[in-house]
Structure formats: C-alpha cells, structure tokens
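# Descriptive structure summary
Listed below are the residues making up each chain.
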Amino acid sequence: MDSQEIKIREYTSVGEVSGPLIVVQGVEGAAYGEVVEIETPSGDKRKGQVLEARSDAAVVQVFEGTSGLDTSGTKVRFTGETMKIPVSVEMLGRFFDGLGRPIDKGPEIISESRYDVNGAPMNPYRREYPNEFIQTGISTIDCMNTLVRGQKLPIFSGSGLPHNELAAQIARQAKVLGKEEQFAVVFAAMGITYEESNFFMKDFEKTGAMERIVAFMNLADDPAIERLITPKMALTTAEYLAFEEDMQVLVILTDMTNYCEALREISASREEVPGRRGYPGYMYTDLAMSYERAGRISGKKGSITQMQILSMPDDDITHPIPDLTGYITEGQFVLSRELHRKGIYPPVDVLPSLSRLMNQGIGAGKTREDHSGVSNQLYSAYAEGRDMRDLVAVVGEEALTDRDKKYLEFADRFEREFVTQDRDENRSIEETLDLGWDLLSMLPERELKRIDDDIIEKYHPKHRS
Amino acid sequence: MAIKGEIIKVAGPLVVADGMRGSTMYEVMRVGEERLLGENIGLEGDKAYIQVYEDTTGIKPGEGVLGTGMPLSASLGPGLLKNIYDGVQRPLMEIAERSGDYIERGLDVSGLDVNKKWDFAPSIAKGEEVKAGQIIGTLPESKVIEHRVLLPPRINGTIKEINEGKFKIDDPIGTLEKSGEETPLYIYHKWPVRIPRPYIEKMEPDEPMITGQRILDVFFPIAKGGTAAIPGGFGTGKTVTQHQLSRWSDTDIIVYVGCGERGNEMTEVLKDFPKLIDPKSGEVLMERTVLIANTSNMPVAAREASVYTGITMAEYYRDMGYKVSLMADSTSRWAEALREISGRMEEMPGEEGFPAYLASRLADFYERAGKVTTLNGKVGSVSVTGAVSPPGGDFSEPVTQNTLRITKVFWALDSSLADRRHFPAINWLRSYSLYAEELSKWFDENVAEDFTSNRKDAMRLLQQESELQEIVQLVGPDALPERERLVLEVARMIREDFLMQNAYHDVDTYCSIEKQYEMLKVILKFHEYASDALGRGISVEKIADLSIRDEVARMKYIPQEGVEMKLKEIYGEMDKEFKELA
Ligand SMILES: Nc1ncnc2c1ncn2[C@@H]1O[C@H](COP(=O)(O)OP(=O)(O)OP(=O)(O)O)[C@@H](O)[C@H]1O
Ligand SMILES: Nc1ncnc2c1ncn2[C@@H]1O[C@H](COP(=O)(O)OP(=O)(O)O)[C@@H](O)[C@H]1O
Ligand SMILES: [Mg+2]
Ligand SMILES: [Mg+2]
C-alpha cells in the first residue's frame with residue numbers, strides 16, 4: 001500500500017462540526033480510514049481520519065478536537081494515506097505525544113520503515129504459543145497467576161489503588177530466568193495525569209532503564225480523541241522492536257478506561273445505537289484489535305507482552321470496560337480496595353484474578369514441579385477461609401468447627417505473609433513456593449487434596465526437615 | 001450476467017453500492033479495486049448493502065463492485081480435515097505462505113488444496129442410476145476418516161463414465177447424464193453456507209455423546225445430534241470445556257469454530273491436537289478435526305460467516321454417515337457481528353441493540369443440528385455446543401436467553417466456582433439436560449443398570465446440601481443434627497472428588513464412562529456405610545476422619561488400567577474401616 005499514488009486534495013467545504021467530528025462536503029474519493037490534515041482559520045494544524053466515506057462527503061474525526069474550527073475558514077487536506085508511523089531503534093529512549101510527534105526536543109524519527117498503525121491481524125497459524133515463565137518477584141503473580149512471555153494480562157484497578165506501583169514493580173523486576181536478552185518497554189499513556197506519568201518515568205530512570213523506553217504520552221489535558229490512536233502507535237512500535245529487532249517488549253497501556261471514554265464520545269457524536277451503558281456495540285472488536293497485538297510469532301526471537309491498566313468505574317468488574325477486556329485478555333490481576341484498606345501491598349485479590357496461560361509456563365524445568373499443586377491448594381484453602389470469614393460475621397467464631405477455624409486463620413496468614421510484600425521485594429519463585437508450603441503446613445496433611453502424594457513427600461516442610 | 005456497480009459509501013465493514021439492480025440477496029461480491037470479498041445482505045432499489053469480509057481501510061466511493069452470481073459457498077471435499085480456515089474458508093496455512101505472519105487482504109485462495117491428488121475408488125458403475133446425495137465412491141482422507149464422495153444434493157441421473165485413480169479436486173472423475181445433458185463429476189462440490197443441506201428425515205437423538213467429563217456425562221448429558229449452550233462470564237471455562245469436548249468426545253468428526261475469540265487459543269489447539277491421542281481411534285486428534293479460526297481481530301463480517309461455514313462442513317460429513325460434533329466459541333461474538341452490521345445499516349434495533357431477527361438466526365443455526373437419515377440412507381448426526389459470553393456474566397441478556405429457548409442442554413458456568421478453582425465451574429443446581437430422561441435407558445443398558453438411580457441419589461444429596469448450607473449460613477454448622485452433617489460431608493465428596501475434574505491433569509482430563517460410574521458408586525457406598533454407622537451411634541467426626549476417604553479422593557488420578565484393582569482395594573478397606581469403628 002506504500003506505493004499508493006499520493007493525490008493531495010484540499011477542501012474548504014466543512015458543512016458541519018459536531019463534537020469531535022466534521023463533515024466535509026463535495027469530497028470526491030475520500031478513502032475509508034484516510035488521514036486528513038486540517039488547518040484552522042487561525043492557522044493551527046490538526047490531524048483527522050475518515051470514519052465514513054460517501055460519494056459526496058466524508059465524516060472525519062479530528063484527533064485534537066474541533067474547538068476553533070468553523071464551517072467557513074477551515075481547510076481540509078486529504079492525504080491519500082492511512083495513518084502511518086516511522087519506526088526505528090532510534091525511538092528507544094524517546095518521548096512522543098499521543099500522535100507520535102516528538103515532545104522531548106529530540107529530532108524527528110526518520111526511517112525507511114513507515115508502518116500502518118492499524119497493523120494487520122496476526123495469522124493464528126503463525127503464532128507461537130507463549131510458554132516462557134516471567135519471574136516478577138511478586139508471589140501473588142508468580143505462584144498464583146503466572147505471567148508468561150507474550151501474554152496479555154491487564155490490571156483491573158480502581159481510583160486510588162496502587163496499580164501504578166504494581167505495574168512499575170513488575171516492569172522493574174520482570175525477567176526470564178537464565179536469559180540475558182534485549183528488552184524494551186513501550187509505554188502508552190492515555191489521559192493519565194502528569195503526576196502519574198512522572199511516577200513511571202522516575203521509576204524507569206531510577207533503574208537506568210530509560211534508554212530502553214519508548215513513551216507515547218497523551219495526558220489528561222491532551223485532546224481526548226487523540227488517545228484513540230495512542231495505543232496503536234505504541235503497538236506498532238512494539239511490533240517493529242519485537243519482530244524486526246528481536247527484542248522482548250513489554251507494552252504498558254494506561255489507562256484503558258480513558259481510551260474507552262473517547263470511543264464512547266465518538267460513537268455518541270455519530271448518533272450510533274449505543275450498547276451497554278452507552279459504549280458502542282463494537283467496543284469488543286475495537287479493543288481486541290489492540291489487545292490481540294500481543295504474542296509471539298514462530299521463528300522470531302522477540303515477543304510482545306501486554307499489560308493494560310484500567311480503573312473499574314465504581315470498582316465494578318461487570319462494567320463494560322473491564323468486562324470486555326477480560327473477555328479478550330489472557331487473564332487479569334484484580335486489585336481489591338478491601339485489601340488496600342487493610343494496608344496490604346500489593347492488594348491483589350487472587351480469587352477473581354487469573355492467568356490463562358499459566359499452565360504452559362510452570363512445572364519441572366520451568367519453575368518447580370510442585371508449582372501447580374501448591375497454587376491450586378493455596379487457592380482452595382484461601383477461598384475456604386474467606387467463606388469462613390463471611391460465616392463468622394453472622395454466627396460468630398464459636399460456632400465453627402476446629403477445621404473451619406484453621407481455614408479462617410489460614411486466610412489471615414495468607415494475606416499477611418504471602419500476599420504482602422515490599423515495593424522493592426523481589427522474591428524468587430523458590431522463595432515464593434516455599435512460603436506457600438509454610439502456610440499449607442498449618443493445615444492437616446490430608447486436607448492437601450490438590451497436591452500429589454509424591455510431591456507432598458518431597459516438599460512438605462514436615463518431610464523435608 | 002455479472003452486475004457491475006459503484007461504491008457510494010464505506011462505513012467500516014459495510015459498503016453501499018449503487019447501480020446494483022438485478023443483484024441477489026447473499027450473492028458474493030468483489031468490492032473495490034482490490035476486489036475484496038463481500039456478500040449482499042440487503043437490497044433496496046438500485047442499492048446493495050454489502051458486508052465485506054476484509055478490512056475496508058483505503059476503499060473509496062467511486063470504486064467498482066462486481067457481482068459473482070454465486071451465493072457464499074463452502075467447497076466440500078477431501079482436505080478439510082487437519083486444516084485451519086478463516087470464517088470464509090480461506091486456509092490459514094496457505095495465507096501464511098502468501099503473506100507471512102500477518103493476514104493481508106485481497107488474497108484469493110482456494111478452500112481445498114488444488115494440487116493434492118487423492119486416491120479415488122468408485123462404488124458405483126457406469127450405467128447406474130444415481131440419486132442426489134448418493135455415495136459414489138471413497139478415498140482415504142486422513143488416517144481415521146474415509147471420505148465418502150457424495151453426489152451433490154439436487155442432482156441425479158445416470159452415470160455415463162466413472163474412473164478409478166488419483167485425482168486432484170478439479171479433475172473430473174466421470175460424467176453424469178440426465179435428459180441428454182452431461183455434467184462432469186468431481187470429488188468435491190460447493191454448497192451455499194446459509195442453506196441447510198437436505199436430508200430425508202430427522203430422528204430423535206437417543207444415544208449420548210460421551211465426553212469423558214464427569215459432570216457432563218453423568219448429570220447433564222448431551223445426545224449425539226443434540227444441542228447445548230454453555231454460557232459464562234470471562235474466565236469461567238467456556239473455552240476449556242469446549243476444547244475438552246473436542247478432544248475427548250466419542251464422535252467421528254470435530255468441527256471447532258473459534259468465532260471472534262483469542263488467537264492463542266487456536267494456536268493451542270494447533271499445537272496440542274497433532275500430539276494428543278484419540279482414545280477411540282488411537283490416532284492423533286488432528287486426524288478427525290477441522291478448525292475454523294476467525295479471531296476477534298479478524299474482520300467482523302467473516303466472523304458472522306464463520307458459524308455457517310462450520311455447520312455446512314459438519315452437515316457434509318454427517319451426510320457421509322458420520323457422527324459430527326461442532327463447537328462454536330463464542331456465539332455471542334457472532335451475535336455482536338450481526339449487531340454491528342445491522343447498526344451500520346441503520347436497521348431498527350431490538351433489545352440491547354441486537355437486530356430483531358437475532359432470535360430467528362440463532363434458532364435457524366441450532367436447527368441444523370440433529371440426527372438424520374441422509375439422502376443416501378445412512379444415519380449421521382451433527383451435535384452443536386455453543387459458548388455464550390454474556391456481558392457482565394448476567395444470563396438475562398438477549399443472546400443467552402434466546403439461545404436457552406432453543407438448546408436442550410444448559411451448562412451454566414458460575415464465576416464463584418471458578419474463583420475458587422472448582423473446575424469445570426458448571427453449577428450443578430442451575431444446569432439441566434432435557435435429554436437426561438431419554439438417555440437414561442441407554443446408560444442403564446450400556447453402562448450399569450443402576451446408573452440412573454445413582455445419578456438421582458447423588459443429585460438429591462447435592463440439593464439437600466444447598467438447602468442445609470442456607471441453614472448453616474444462619475446458625476453455623478454446629479447446630480445441624482448428625483445425619484444432616486453427614487449429608488454435608490458426602491456432598492462435599494461428590495463435589496470435590498467427583499465433579500471437580502482437572503483438564504490439565506494427564507489422567508484426570510479424560511474419564512471413561514465406566515470409571516465415572518464406579519467413582520460415583522464408591523461415594524454412594526461410603527454414604528451407605530456411614531449412615532449405617534451413624535445408626536450405631538458413631539459420630540460424623542469419626543466417620544469423616546476415616547482414611548478411606550483419602551483413597552476415594554484419589555480415585556480420579558488412577559489410570560484406567562488400574563481402576564479395577566483399586567476398586568477392590570477400596571471396597572475391602574472401606575468395609576474394614578467401618579467395621580473397626582465400634
Ligand atoms: N462447587 C462448589 N464447591 C465448593 N463449595 C461450594 C460450591 N458451590 C457452592 N459452594 C459452597 O456454597 C457457598 C455458597 O455458594 P456461592 O458462594 O456460590 O453462593 P453465592 O450466592 O454466590 O454467595 P455470595 O452471594 O456470597 O457470592 C460457597 O461459599 C461454598 O461454601
Ligand atoms: N476443567 C478445567 N480444569 C482446569 N482448569 C480449568 C478448567 N476449566 C477452566 N479452567 C481454568 O479457567 C481458565 C479460563 O477458562 P476459559 O475456558 O478460557 O474461560 P472462558 O472461555 O469462559 O473465558 C483456564 O485458563 C483454566 O485456567
Ligand atoms: Mg459466597
Ligand atoms: Mg473463552
């Protein structure tokens with residue numbers, strides 16, 4: 001498509017301005033998805049994209065918003081191109097705005113390779129199944145919801161919860177055991193505050209990772225519609241680094257909630273039939289177009305691991321944003337306000353959390369042979385302990401059997417000793433699993449039904465000492 | 001005559017063209033200069049509304065549209081098995097060869113390998129009268145499946161010529177004559193995917209599809225030729241359950257449709273199936289499998305077509321006399337594709353924005369399941385299980401509700417079970433199978449005469465448990481009388497030692513129907529002994545403490561060969577331990 005003949009056509013026939021959209025009349029041959037350049041009456045330049053192409057008009061979404069645009073003095077140039085970004089390793093260590101323009105006073109990126117930001121669907125036949133264990137040093141992740149390289153695993157959070165701290169800690173500590181490889185972090189900010197983005201940058205700087213970062217920044221006071229393109233810029237860059245430059249790329253997308261709000265705004269302006277809670281019916285597909293750009297390709301060395309951060313409106317996991325995300329991603333880490341209130345960091349509630357690719361990345365030769373058993377047993381014991389807590393709230397602790405009391409105590413210790421760790425505490429997988437055994441050993445051995453006998457013989461503290 | 005028109009509007013996957021009078025509904029169209037594949041889904045005066053199966057970015061009003069005169073059709077012939085297709089039957093392996101790691105558009109690839117030669121042996125002779133749908137010969141398609149070459153439905157006549165030998169799909173294998181007109185015969189034919197393939201009559205499904213999954217086979221069985229819905233919020237186990245069904249079901253052919261879901265899930269099947277051994281045939285599972293993968297990031301319109309492509313292939317193998325099972329994951333994504341296209345056509349939206357015809361589309365789809373007498377007299381079946389992904393996990397939404405009105409089996413997934421890693425997270429109190437009664441006879445005759453009564457006993461215990469749990473929630477477990485506390489103990493054994501089944505455990509992943517029966521029987525036997533012991537004044541605490549319970553719990557991990565031995569041991573030990581409880 002690169003060789004497309006570029007016919008530049010300019011129009012001044014803006015017929016209607018509505019929300020983030022303009023309708024340009026009398027346009028001939030505007031292509032669906034084509035990029036347009038808009039010049040405001042005051043000479044300001046903006047970018048837009050054709051959302052609907054008709055034989056006599058084009059509906060255009062304006063990324064920087066329509067304020068200052070009018071129906072008489074606005075010029076619209078159709079570029080004949082879809083949205084593209086020049087990509088190169090020179091991007092490492094650089095900062096861009098939400099549309100990919102440098103904001104760090106560095107030079108423009110010049111490259112032969114200009115990639116279409118929409119990408120193309122990866123052929124499922126060419127995918128390589130992710131199976132390499134990433135040690136994050138965080139027990140609730142490594143043991144309970146193991147992350148593997150090439151996975152897409154979001155953090156479901158809420159306002160005021162330490163999702164940024166957790167994401168930064170993961171980015172800092174994540175490593176594949178026994179490997180020294182080129183890594184990169186592609187960071188896409190969508191509508192987050194300056195403080196939040198600064199937090200990440202400071203953290204990256206502290207660890208000397210700054211040269212390995214590419215950042216795309218659309219902050220809270222940047223145009224809302226622009227953030228619809230930001231993740232696409234980031235993922236296009238990531239694809240280049242991973243599959244052309246053989247790097248292990250971690251993409252952090254934050255905050256997807258702001259992205260979805262922008263999507264809703266466009267949809268409302270177009271007067272589309274709204275889906276659940278006003279979000280467009282195609283939001284699932286739209287999100288999938290970005291989220292599915294994670295993974296590995298057979299025969300290629302690099303990989304794209306994606307971590308989306310989103311704040312659940314009202315802490316409601318059934319809200320369309322977390323809900324549709326969970327339907328696409330390969331699991332989720334769910335942060336809990338209740339644990340946070342108790343002062344527990346990281347406040348990961350393991351019960352609704354999940355890593356769907358975990359089974360591929362654990363076990364003998366990858367983590368340790370007891371991993372799956374320990375994890376399953378910790379799950380069932382903690383779930384049972386939590387049930388007991390609910391029960392005690394009604395009937396009091398006296399009504400519990402001895403067995404029930406043990407589980408109650410287990411749940412407390414699990415939260416205090418296993419879930420809780422310091423913000424720079426980096427536990428090895430062995431330490432994490434041993435800690436798990438420590439807790440499990442407070443239960444009668446026969447209760448450990450999810451662990452094979454020979455594994456118990458080998459790893460249970462009672463048999464080990 | 002091919003109709004030629006001109007694009008007047010492009011809105012995502014929907015293209016509107018003018019000058020299309022004479023074009024027909026569901027006709028395949030070539031859209032724009034890149035000749036993207038599309039299909040008419042609405043006609044209005046000179047205008048045609050076309051859903052395009054490829055990304056429409058860059059397409060402009062003014063570009064041409066060309067009718068093909070053909071409805072969207074599947075190519076049905078050898079080579080479907082072991083293949084993986086997108087929603088409109090383009091082979092992904094072939095696409096990878098042409099366009100590499102990513103799927104480019106405008107690729108024109110044939111659904112069946114045009115170069116491969118197949119060993120065809122006719123089963124009819126020159127001069128023979130043949131009827132529509134008749135088997136005219138066979139060829140080995142995979143290690144386990146003999147491909148029975150069918151005369152296309154709606155065609156009949158006299159065989160003028162028929163040859164044995166090696167043929168490519170485009171080589172004629174003979175000719176058919178009817179009223180002086182000659183038609184060449186091939187080892188494949190095309191069939192429009194939106195039209196059900198004809199058969200002589202539907203029969204009552206009366207045989208279970210054995211899945212090797214305990215909760216399904218014992219409590220909520222699906223019949224061969226039946227329909228089941230499996231709704232559940234994200235992460236509750238729709239995909240794993242459907243993968244399990246396609247691995248272990250005792251049908252001849254599996255058609256797995258990944259409709260708008262994850263790419264890696266299809267990769268997982270591609271990686272596993274060539275290694276996993278089918279317990280029935282002893283060959284690898286891939287030998288009987290057709291995969292359709294139109295993942296969530298692939299074009300939405302092709303997602304809509306994918307379920308039809310899949311069910312047409314399933315009917316085709318049914319017509320050869322095979323038992324076929326189709327899994328669609330997820331039908332909600334198909335319904336959403338309908339909604340998206342309908343919205344772009346500015347149709348009047350129904351409930352939650354879905355088009356008013358959602359219910360009838362779902363019904364028409366599931367209606368294509370069934371056990372039938374085929375046109376050639378053989379009996380074949382298509383079973384359909386559809387995953388449903390309700391927003392927020394709330395089953396009151398339109399896709400779940402409309403599906404449940406049609407399907408006969410309901411496997412209700414429950415996030416609270418999934419959260420505690422009780423898998424399969426199928427809620428035993430909410431789920432049902434309308435086949436259970438009819439199939440009882442089969443189970444009692446073919447497995448054991450007390451199969452059904454055991455199932456009923458076990459279900460009764462689970463129901464009692466849930467009633468007792470309510471009391472416990474109010475007053476604590478101490479307040480219950482001994483006999484009821486025993487019910488709680490035994491119900492827990494049923495839940496943990498029988499219903500829970502780990503798809504990732506080498507042994508537990510598949511459980512033969514005989515072993516299923518034995519496992520449940522052991523637990524019920526324990527209940528009998530224990531009730532008796534209670535009668536002798538022994539406390540539940542003591543009973544719960546018996547070490548035989550651990551043996552029962554580990555039964556699921558005993559490989560098939562060792563089951564019989566283990567059972568003897570368990571019964572012996574059980575008898576001993578209870579006797580010793582004085
Ligand atoms: N499959 C199961 N395995 C183990 N325990 C179960 C199972 N199903 C139900 N229970 C028990 O029943 C209790 C109540 O079930 P469940 O939590 O599903 O009810 P709920 O209505 O969802 O409760 P809540 O309103 O607290 O979420 C559970 O806490 C658990 O003790
Ligand atoms: N039968 C099972 N045995 C073990 N784990 C299971 C089983 N069913 C589901 N799971 C677990 O639940 C996760 C989510 O299941 P999946 O089928 O992908 O959910 P859904 O398709 O409903 O979103 C899986 O990745 C797996 O960890
Ligand atoms: Mg509960
Ligand atoms: Mg799924």
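Just above sits the structure.
Remember, predicted model here, so these are calculated numbers, not experimental data.

### Quick word on the overall build of chain B
- Helix and strand content of chain B: 16 helices and 26 strands.
- Its C-alpha atoms give chain B a radius of gyration of 27 Å, within 12% of the compact-globule value 25 Å for 582 residues.
- A principal-axis box enclosing the C-alpha atoms of chain B has dimensions of 90 × 55 × 40 Å.
- Looking at chain B as a whole, 62% of its 582 residues are labelled buried.

### Focus on the site of ligand 2
- Around ligand 2, 16 residues are found, and the nearest of them are Arg356 of chain A together with Gly235, Lys238, Thr239 and Val240 of chain B.
- One nitrogen or oxygen atom from the main chain of valine 240 of chain B is found 2.6 Å from an oxygen atom belonging to ligand 2.
- Within the backbone of glutamine 501 of chain B, an N or O atom sits 3.3 Å from a nitrogen atom of ligand 2.
- When ligand 2 sits alone it has 560 Å² of accessible area, and the protein chains cover 93% of it.

### A look at the pairing of strand E16 (residues 181-185) of chain B
- Two elements, strand E15 (residues 174-178) of chain B and E16 of chain B, share five bridges in a ladder whose sense is antiparallel. Across the sheet, residue glycine 174 of chain B finds its bridge partner in E16 of chain B, namely leucine 185 of chain B.

### Things to note about helix H5 (residues 256-269) of chain A
Residue and element names in this part refer to chain A.
- The first and last C-alpha atoms of H5 sit 20 Å apart over 14 residues, in line with the 20 Å expected at 1.5 Å per residue.
- Taken residue by residue, H5 has Met256, Thr257, Tyr259, Cys260, Ala262, Leu263, Ile266, Ser267 and Ser269 as its buried positions.
- Measuring from the backbone nitrogen of threonine 257 back to the side-chain oxygen at the start of H5 gives 2.7 Å, which picks out aspartate 255 as the cap.
- Within two residues after H5, glutamate 271 carries a phi angle of roughly 55 degrees, on the positive side.

### Details of the site of ligand 1
- Near ligand 1 the following residues occur: Asp387 of chain A together with Ser416, Leu417, Arg420, His422, Trp428 and Arg495 of chain B.
- Bordering ligand 1 are residues originating from chains A and B.
- The separation between an oxygen atom of ligand 1 and a polar side-chain atom of serine 416 of chain B is 2.8 Å.
- The contact in question runs from an oxygen atom of ligand 1 to an N or O atom on the side chain of arginine 420 of chain B, over 3.5 Å.
- Across the complex, the protein chains shield 50% of the 600 Å² of accessible surface that ligand 1 would expose by itself.
- Among the residues making up the shell around ligand 1, the classes are represented as two nonpolar, two polar and three charged.

### Some thoughts on the packing of helix H10 (residues 371-395) of chain A against helix H12 (residues 429-440) of chain A
Residue and element names in this part refer to chain A.
- Contact geometry of H10 with H12 gives a least axis separation of 10 Å together with a crossing angle of 45 degrees. Taken together, H10 and H12 sit at an angle that is classed as oblique. Of the two elements, H10 crosses H12, and the hand of that crossing is left-handed. Between H10, through His371, Val374, Gln377 and Leu378, and H12, the contact on the second element is made entirely by Ile429, Leu433, Gly436, Trp437 and Leu440.

### Comments concerning the sheet that holds strand E14 (residues 165-167) of chain B
Residues and elements named next belong to chain B.
- Spatial strand order, E12-E11-E9-E14: four strands in an open sheet with antiparallel pairing. Strands with a single pairing partner mark the edges of an open sheet, and in this sheet they are strand E12 (146-150) and E14. Mean inter-strand twist for the sheet, computed between neighbouring axes without regard to direction, equals 40 degrees.
- Where strand E11 (residues 135-140) meets E12, five bridges bridge the pair, whose relative direction is antiparallel. Counted as the bridge partner of leucine 139 is histidine 147 from E12.

### Brief notes about the interface of chain A and chain B
- In this assembly, 82 residues from chain A lie in contact with 83 residues from chain B.
- Applying the counting criterion to the chain A and chain B interface returns 10 salt bridges.
- Where chain A touches chain B, the interface holds 34 residue pairs in polar contact (both at pLDDT 80 or more).
- When contributions to the side of chain A that touches chain B are tallied by element, the ones reaching two or more residues are strand E5 (45-54), strand E11 (127-128), helix H4 (230-243), helix H6 (283-291), helix H7 (320-328), helix H9 (358-361), H10 and helix H11 (402-419) of chain A.
- When residues in the side of chain A that touches chain B are grouped by element, the largest group, nine residues, is from H10 of chain A.

Definitions and limits used
- Residues numbered from 1 in each chain as written.
- Chains lettered and ligands numbered in written order.
- Predicted model: local features only at pLDDT ≥ 70, side-chain atom pairs only at ≥ 80, totals over all residues.
- Heavy atoms only, no water.
- Helix = DSSP H or I, 4+ residues; strand = E, 2+ residues; numbered from the N terminus.
- Rg over C-alpha atoms; globule rule 2.2 N^0.38 Å.
- Buried < 20%, exposed > 50% of the residue type's maximum accessible area, 1.4 Å probe, protein only.
- Near = heavy atom within 4 Å.
- Polar contact = N/O pair within 3.5 Å; in protein donor to acceptor, adjacent residues only side chain to side chain.
- Areas by Shrake-Rupley, 256 points an atom, 1.4 Å probe, with all protein chains shown as cover.
- Pairing = 2+ DSSP bridges.
- Expected span 1.5 Å × (residues − 1).
- Nonpolar A, V, L, I, M, F, W, Y, C, P; charged D, E, K, R; others polar.
- Axes fitted to C-alpha atoms, helices over the stretch in contact; angles between N-to-C directions.
- Parallel < 35°, antiparallel > 145°, perpendicular 65-115°, else oblique.
- Left-handed = near helix turned anticlockwise from the far one by under 90°.
- Contact = heavy atoms within 4.5 Å.
- Salt bridge = Lys/Arg side-chain N within 4 Å of Asp/Glu carboxyl O.

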